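Listed below, chain by chain, are the residues.
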Amino acid sequence: MMFDTTRTTGGFGDPLPESGILEGFDRLIAANRLFGAELNPTVIKKSGKGAPFLVCPHPSRSRMLDLWHDLFANRVPPHGFLDALAPEVLGLAHVEGLLLFGKDRVLYDCQIARGDEAVGHLTLCFYREREPVFRFLPFPRRPGRRIVYIEGISLTAQSTGYASSLFRRYERLFHDLGFHRFRLKASLSVGKYYWAKEGFDCEDREQFAGMRESLHALVRRLGLPVEEQEIRRLNHASMVAAFRRDLPIPVYRNAEGYYAVERDASHAEEFRFPLGKAFLLCSAPWDGFKVIYTDTPRRTGYVGSDRYLDHGTRPGHVESPKRLEALFAAIREGGMGESLILLEPYVPAMESLRAVHDPAYLEAFREAVDRGDRQFAVRDCSISKGTYAAALLAAGGVMAGIDAVFSDRADNVFCAVRPPGHHAGRASAMGFCFLNNVAAGAHYARSAYGVGRIYILDWDVHHGNGTQALFEEDPLTFFCSLHEHPSFCYPGTGRRLEKGTGAGRGATLNIPLPPHAGDTEMIEAFERDVVPSIEAFRPELILLSAGFDAHRDDPIAELECTEDAYVHMTRRVLELADRHCEGRVVSVLEGGYRMESLVSSAIAHIRTLQGREVPPCSSARG
Ligand SMILES: [Zn+2]
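The structure presented is a predicted model; accordingly, all values stated were derived computationally and were not measured.

What follows deals with the packing of helix H1 (residues 18–30) against helix H2 (residues 61–72). Axis separation between H1 and H2 bottoms out at 11 Å; the angle between their running directions is 115 degrees. Seen along the crossing, H1 lies across H2 with a hand that is right-handed. The residues of H2 that touch H1, namely those facing Glu18, Ile21, Leu22, Phe25, Asp26 and Ile29, are Arg61, Met64, Leu65 and Trp68. Broken down by class, the residue content of the contact of H1 with H2 amounts to seven nonpolar, no polar and three charged.

Next up, the structure:
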């Protein structure tokens, strides 16, 4: 893992004298290769396009020196750095490479060319995160992790493997320059290479064979309970990265956050990583490298309204306004609201609700509320004066979410709505549900945006019987539910043999889990059954019925999941959505009845929707 100084100019050993750095600036200025950069305030950043900037005169030499020292510790001269960034790979070279100095960052911008022909463009951004010493005070701040961010790469020549090769070199270069992260878009797809979540894809069969052989060796060395044929079946780097997540093996982290497979004086802090991930860390060129995150922020929309608190339930009812009060407060206090795109729920047109519910049922519901009844249809469907309006707004909240992903206002959306909806049928209220919010959203997406295939994934601990019934004959709306087995859990439906009816046969998938199943069983079932069904269905939109009552702390069911399962499923759904439907996921809150676990699970889910990191809850809790 030591840096091979013969491969780039300007060896990254001791810091260079300032005069050497200044001389490098002057050389580049004279050659018209060094400028300043200003963010362009008139252009709104659009996803996938990178942050637009304007080239301007370079800042003073002392400011550039400060920045260079902060980012590169003067271990590389400016001209040497430009050379190191532009290796010729697979017959493609960088031309017109520029260094641009922004206020707190350095940008690298170039054209990619094959011979005389420009075939692409690359922009990298180097900066340092600032971490406040005290979380809630604006300062002092200390310098944080150094990050390389790919602002944008485009190539007209597809399927060349160019980006894979270039980034593998970059990974080593930036590691040796002391960078902590090399970030790229999870959805970045260049040529035939699709980025594996925790590592880079490999370029050819030979490299992949090497990867698999190292995995064999690791399994043998650690005596892990993995069968030969399990490894033989793997045929893609992403499969290695996702391999045997139930089998954590120890790796060791140093103070800088780099990992190694062996404990030594500096790599002392033990972590347990799933086998696939640990393997990627220990196979070349990851040896001793930090995990490379692909956590590019996504634009996540958020639907929430105080009007949802107007739906009151009788004292002691678990589905109380306190659930959302707690979640709203956590989002406010954590400053999360600032990173979310706030979306206003609206009262939907009645005709869009009539696509889901009988007009007479809607009318009876409104009348019961108007009369001041205390419950509607069944005893657990407790109502108050504000219930009807809140229910309309919950369905309309999902529609606002649909609008946002189809008008490109947001990449994905979380709808913090209540009352919940997935037990509500065409003319039936039950299980705290009156209007089926997700179903109303699906119908709306179809009528307003002409969406064809819609995949609804329901991971609430209870079977989404209402949603299933509404779509069981519809081959274009796939309904999949992960839930506690109906023999043990409300509402008593959702057996494997319920697979849809008529033309919709095969478009319903029920995955019951036995009582006390936890993250491992949930994730296994998800990987085994849910992922292939999404892949096969190729949805144009994914809707989530996101209940968080499968959590081990939740009082009304017996599954023992943690936030980790929700994070895992959310990440995977996003990957699949990236592949099939431009990342369009609208997630809708269903159950979750213990405040602490509801809040922590929903926050972990939202952060993951945003493409942000969520520390595993096993390590967060020690
Ligand atoms: Zn539930």
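After that view of the structure, there is still more to cover.
Let us look at the coordination of the zinc ion. The protein atoms donating to the zinc ion are Asp460 (OD), Asp460 (OD), His462 (ND1) and Asp549 (OD), with metal-donor distances spanning 2.0 to 2.7 Å. Coordination at the zinc ion is irregular, judged from the four donor atoms that bind it and the angles of 52 to 153 degrees they form at the metal. The motif formed by the donor residues of the zinc ion, counted along the single chain, is D-x1-H-x86-D. Here the residue His462 occupies a position in the loop between strand E18 (454–458) and helix H14 (465–471), and Asp549 occupies one in the loop between strand E21 (541–546) and helix H16 (563–581), the gap between them amounting to 87 residues.

Counted at 1.5 Å a residue, the expected span for H2 with its twelve residues is 16 Å, and the 16 Å between its end C-alpha atoms agrees. Within two residues after H2, Ala73 carries a phi angle of roughly 50 degrees, on the positive side.

Our focus in this paragraph is the pairing of strand E19 (residues 477–484). Counting buried residues in E19 gives eight out of eight residues, a clear majority hidden from the surface. Here E18 runs beside E19; their pairing, made up of five bridges, is parallel. Note on E19: the bridge partner recorded for Asp458 is Ser481. Crossover handedness for the path E18 to H14 to E19: right-handed. Relative to strand E20 (residues 508–513), E19 is paired through six bridges, and the arrangement is parallel. From the neighbouring strand, His483 faces E20, where its bridge partner is Pro512.

Further remarks concern the packing of helix H5 (residues 205–222) against helix H8 (residues 275–282). Contact pair H5 / H8: the axes reach a minimum separation of 10 Å and the direction vectors enclose 110 degrees. Classed by the angle they form, the pair H5 and H8 counts as roughly perpendicular. As H5 runs across H8, the sense of the crossing is right-handed. Within the contact between the two elements, H5 uses Met211, Ser214, Leu215, Leu218 and Val219 and H8 uses Leu275, Phe279, Leu280 and Cys282.

Okay, the sheet that holds strand E12 (residues 269–274) next. The antiparallel open sheet is built from three strands, whose spatial order is E11-E10-E12. Unpaired on one side and paired on the other, strand E11 (259–260) and E12 mark the two borders of the sheet. Direction of pairing for strand E10 (residues 248–253) relative to E11: antiparallel, over a ladder of two bridges. Bridged to Arg253 within E11 is Tyr259. Seen against the sheet, H8 touches E10, E11 and E12 and runs at an angle of roughly 120 degrees to E12.

Turning to the sheet that holds strand E13 (residues 300–303), a few remarks are in order. Taken in spatial order, the eight strands make up an open sheet running E14-E13-E17-E22-E21-E18-E19-E20, and their pairing is parallel. Strands at the two margins of the open sheet, each flanked by one partner only, are strand E14 (341–343) and E20. Sheet twist, expressed as the average angle between the axes of neighbouring strands with direction ignored, equals 15 degrees. By the bridge criterion, three bridges tie E13 to E14 in an arrangement that is parallel. Along E14, the bridge assignment pairs Tyr302 with Leu342.

The subject of this paragraph is the confidence of the model for the protein. Summary statistics for the protein give a mean pLDDT of 85 and a share of 85% for residues scoring 70 or more. In this model, residues 186–199 is a region of pLDDT below 50 whose contacts with residues beyond four sequence positions or in other chains number 53 contacts. Low pLDDT (under 50) marks residues 289–296, which in the prediction has 43 contacts with non-local residues, meaning those over four places away or in another chain.

It is worth spelling out H16 at this point. Over its 19 residues, H16 extends 25 Å from the first C-alpha to the last, a length consistent with the 27 Å expected when each residue adds 1.5 Å. Counting buried positions along H16 gives 15 out of 19 residues, so the element sits mostly inside the fold.

Before going further, it helps to spend a moment on unusual backbone geometry. Residues Arg418 and Pro419 are joined by a peptide bond in cis, for which omega reads 0 degrees. Here Pro419 shows up in the loop between strand E17 (412–415) and helix H13 (437–449). A cis amide bond links Tyr490 with the next residue in sequence, Pro491, at an omega value of -5 degrees. Examined against the element boundaries, Pro491 turns out to sit in the loop between E19 and E20.

Rules used throughout
- Residues numbered from 1 in each chain as written.
- Predicted model: local features only at pLDDT ≥ 70, side-chain atom pairs only at ≥ 80, totals over all residues.
- Heavy atoms only, no water.
- Axes fitted to C-alpha atoms, helices over the stretch in contact; angles between N-to-C directions.
- Helix = DSSP H or I, 4+ residues; strand = E, 2+ residues; numbered from the N terminus.
- Left-handed = near helix turned anticlockwise from the far one by under 90°.
- Contact = heavy atoms within 4.5 Å.
- Nonpolar A, V, L, I, M, F, W, Y, C, P; charged D, E, K, R; others polar.
- Donors = N, O, S within 2.8 Å, 3.2 Å for Na, K, Ca; no water.
- Tetrahedral: all angles 85-135°; square planar, octahedral: opposite > 155°, others 65-115°.
- Expected span 1.5 Å × (residues − 1).
- Buried < 20%, exposed > 50% of the residue type's maximum accessible area, 1.4 Å probe, protein only.
- Pairing = 2+ DSSP bridges.
- Right-handed = clockwise from strand over helix to strand, strands pointing away.
- Parallel < 35°, antiparallel > 145°, perpendicular 65-115°, else oblique.
- pLDDT = per-residue confidence, 0-100.

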